[in-house]
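Next come the chains, spelled out residue by residue.
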Amino acid sequence: MADELALSDYEAAAEGLQSAADASSGVAYATTRVRNRNMTDLRDRSLQIAQMLDGDFSSLKKAMRVTFPTSYKTMPIRVYPLIQRVAHELATIYSRDPQRWFNAPTGTIDPLAFQKYRDVYIRSNVNDVLLKASRQLIPQQTQVLMVLPAGARRVNVQALSPYQIVVTPGNAMTADDITTAKEVRLRLPVAADDRCVLLGWAVFTPTLCYWDVDGTRSSIFDTKNPDNLANPWPGSIPLVGVHAVSPPPGCFLSSLADNILSEQIGLCLAVSQLEHMARHSSPVKVIQPGPDGSLLQEMAEGMPSGADTWVALPGQGSSLSVVQPQPMLAEYRNLLDWQTGLTATMLDVAPDAFSKSPAAKTSVSRAYDRADRADHRMRYQRIWEPVETELAQLIARVSNLNNNDGIRLPEDVVINVSYAEPDDSPADPVHEMQAMLMAFRSGLDSPVDYLARQQGISKVAALAKVTDNLTQWGKLAALMPSDAMNIDAPIPKADQ
């Protein structure tokens with residue numbers, strides 16, 4: 001910590017000297033500036049976020065030692081997965097499988113290629129990887145998608161976070177585009193046993209793609225000839241970058257969502273401290289010796305204690321007093337509730353997602369929650385829609401390297417994706433259905449389009465399902481009594 005502060009002070013002093021030099025020369029920027037970025041600290045925090053997102057809170061021990069240097073040994077560690085909850089609430093765009101249409105720029109795609117695309121996506125669990133990447137993107141704010149060969153009609157898609165990524169930009173003006181980088185190194189496991197994992201590097205340059213394990217190099221994409229380190233697509237890095245926010249100028253990695261990480265650590269430490277205070281708020285017995293006697297600590301510790309035990313006071317004139325600490329536990333807890341609710345509000349998350357209330361929510365409040373979530377989904381759709389096309393093109397390239405079935409996937413494919421609506425119960429079912437019928441009758445929507453969005457199926461399948469449902473309903477309605485739908489409300493009793 002001291003080294004980090006010293007580095008920060010040094011950078012601030014250097015920046016001040018440069019500004020003074022610019023001012024004395026009479027121009028705004030007279031010299032070339034160097035802006036340093038502490039990437040070691042960024043990657044440490046990124047690793048901490050990744051661990052907490054997966055339920056590993058072992059890094060809290062260090063935070064406990066720093067925050068409570070004298071009492072951390074006796075304090076309990078309480079874990080509350082705020083990061084997991086935030087990611088679960090916000091990353092809903094892939095919570096249900098989307099519907100994809102694979103199109104060629106010049107026309108429709110070949111049916112055999114279309115079927116192969118579907119097989120590759122299903123066998124490679126692409127939707128699961130994208131769901132993981134979307135959840136990691138919320139706190140990490142940068143993801144890199146890597147596609148590796150994995151056999152017939154299958155690829156290995158990996159979603160990587162900043163602690164695994166080292167990018168050397170080729171052009172500072174396009175540093176946010178990973179395909180134009182000079183070199184990309186991805187730290188990945190290359191061997192493992194029950195206790196430890198050996199990490200190596202997957203290295204990508206415009207001309208080379210290879211594994212680097214302690215200086216030993218082997219090909220990433222050529223499984224038949226490991227010595228072939230050439231990039232199969234020279235001039236471009238075969239990776240896909242995803243950003244939730246724009247990275248700083250000249251950098252590829254965006255800043256982390258430190259607000260979420262800070263609240264996660266603060267909540268765990270605060271609850272641990274609250275329990276520690278409650279444990280040490282029991283009454284304390286204090287014995288004051290008389291004027292003619294003395295009391296040693298060993299004598300006090302050896303005296304009996306308990307609700308049903310009498311205390312014998314040593315020495316004439318000694319007295320016993322009871323000290324009752326009064327920590328402000330309720331006030332402290334109210335502060336935690338307020339901070340958690342404020343965090344949820346700033347992140348477009350319903351506050352009761354963190355603190356369930358026994359009181360029923362009103363339809364208006366639920367409608368606001370759904371509106372916030374829909375707005376957040378729209379922002380992230382703009383991020384993921386172009387990524388879908390880039391990923392499909394990369395999957396096609398990797399799949400075509402081992403084209404055993406003779407079917408080549410078009411590498412210029414364009415993806416049109418329709419994201420399924422989240423499976424949320426409506427705020428007011430009756431009014432929701434009335435509004436839906438009004439949209440159908442006015443031509444703004446249709447039952448077929450609605451069902452396709454809800455279940456993530458094609459319009460053809462949705463049309464068949466709607467037609468089948470109406471046909472079945474017509475047959476069942478013919479068997480019902482004419483007044484079956486006219487059910488009278490029960491008559492209230494006299495005492496009601």
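Predicted, not measured: the structure shown is a model, and the values here were computed from it.

Draft legend 1. Region of the structure containing the overall build of the chain. Along its length, the chain carries 13 helices and 13 strands. Sequence-distant contacts in the chain: of pairs separated by 6 or more residues, those separated by 24 or more amount to 65%.

Draft legend 2. Spotlight on the nonpolar core. Among the nonpolar cores identified, the biggest contains 92 residues, and Leu 145, Val 184, Leu 186, Phe 204, Leu 239 and Trp 384 are the most heavily contacted of them. Tallying contributions element by element places helix H10 (residues 363-401) first for this core, with ten residues. Excluding anything up to four places from it in sequence, Leu 239 contacts Val 144, Leu 145, Met 146, Ile 178, Thr 179, Val 184, Leu 186, Phe 204 and Leu 394. Within the second largest apolar cluster, five residues are counted, among which are Val 448, Leu 451, Ala 462 and Val 466.

Draft legend 3. Up close: the packing of aromatic side chains. Under the definition given, this model contains nine aromatic pairs. Pairing Phe 102 with Tyr 121 gives two aromatic rings, centres 5.4 Å apart and planes at 70°, and the pair type is edge-to-face. Placement of Phe 102 in strand S1 (residues 99-104) and of Tyr 121 in helix H5 (residues 111-123) is noted, with a sequence separation of 19 residues between them. Among the residues examined, Phe 102 registers a relative accessible area of 6% and is labelled buried. The buried category is assigned to Tyr 121, whose relative accessible area is 7%. Aromatic ring contacts, followed pair by pair, group Phe 102, Phe 114, Tyr 117 and Tyr 121 into a single cluster.

Draft legend 4. Spatial organisation of the pattern of salt bridges. All told, the structure shown has twelve salt bridges when counted by the stated rule. Across the pair Arg 153 and Asp 405 runs a salt bridge whose closest N-O atoms are separated by 3.0 Å. A residue pair is termed long-range when its members are at least 10 positions apart, and Arg 153 in the loop between strand S3 (142-149) and strand S4 (155-160) and Asp 405 in the loop between H10 and strand S13 (414-418) qualify at 252 residues. Classification of Asp 405 as partly exposed rests on a relative accessible area of 35%. Ionic pairing is found between Lys 459 and Asp 449, a salt bridge with its closest N-O pair at 3.4 Å. Remark: Asp 449 occurs in helix H12 (residues 447-455) and Lys 459 occurs in helix H13 (residues 459-479); sequence separation between them is ten residues.

Draft legend 5. Molecular detail of the sheet that holds S1. The strand order across the open sheet formed by three strands is S2-S1-S13, and the pairing between neighbours is antiparallel. Both edges of this open sheet fall to strand S2 (107-108) and S13, since each of them pairs with a single strand only. Taken together, the five bridges between S1 and S13 define a ladder with antiparallel strand orientation. If you follow Arg 100 over to S13, its bridge partner there is Val 417.

Draft legend 6. The packing of helix H7 (residues 258-279) against helix H9 (residues 329-346), seen in detail. Axis separation between H7 and H9 bottoms out at 11 Å; the angle between their running directions is 165°. The orientation of H7 relative to H9 falls into the category roughly antiparallel. The hand of the H7/H9 crossing is left-handed. Here H7 contributes Glu 263, Leu 267, Ala 270, Val 271, Gln 273, Leu 274, Met 277 and Ala 278 to the contact with H9, which in turn contributes Leu 329, Tyr 332, Arg 333, Leu 336, Gln 339, Thr 340 and Thr 343. Looking at the contact of H7 with H9 residue by residue, the class counts come to nine nonpolar, four polar and two charged.

Draft legend 7. Inspection of unusual backbone geometry at higher detail. With phi around 65°, Gln 141 is a residue other than glycine that occupies positive phi space. Its location among the elements puts Gln 141 in the loop between helix H6 (126-140) and S3. Here Gln 141 falls in the buried class, since its relative accessible area comes to 13%. Although it is not a glycine, Arg 153 sits at a positive phi angle of roughly 50°.

Draft legend 8. Region of interest: helix H3 (residues 60-67). Within H3, burial applies to Leu 60, Ala 63 and Met 64. All buried residues of H3 fall inside an arc of 105° around its axis, so they share one side. Turned more than 90 degrees away from the buried face of H3, the exposed residues are Lys 61, Lys 62 and Val 66. Those residues of H3 hidden inside the fold are in contact with helix H2 (39-53) and H7.

Rules behind the numbers
- Residues numbered from 1 in each chain as written.
- Predicted model: local features only at pLDDT ≥ 70, side-chain atom pairs only at ≥ 80, totals over all residues.
- Heavy atoms only, no water.
- Helix = DSSP H or I, 4+ residues; strand = E, 2+ residues; numbered from the N terminus.
- Contact = heavy atoms within 4.5 Å.
- Core = buried A, V, L, I, M, F, W, Y, C linked by side-chain atoms within 4.5 Å.
- Buried < 20%, exposed > 50% of the residue type's maximum accessible area, 1.4 Å probe, protein only.
- Phe/Tyr/Trp six-rings, centres within 6.5 Å; stacked < 30°, edge-to-face > 60°.
- Salt bridge = Lys/Arg side-chain N within 4 Å of Asp/Glu carboxyl O.
- Pairing = 2+ DSSP bridges.
- Axes fitted to C-alpha atoms, helices over the stretch in contact; angles between N-to-C directions.
- Parallel < 35°, antiparallel > 145°, perpendicular 65-115°, else oblique.
- Left-handed = near helix turned anticlockwise from the far one by under 90°.
- Nonpolar A, V, L, I, M, F, W, Y, C, P; charged D, E, K, R; others polar.
- Arc of directions from axis to C-beta.

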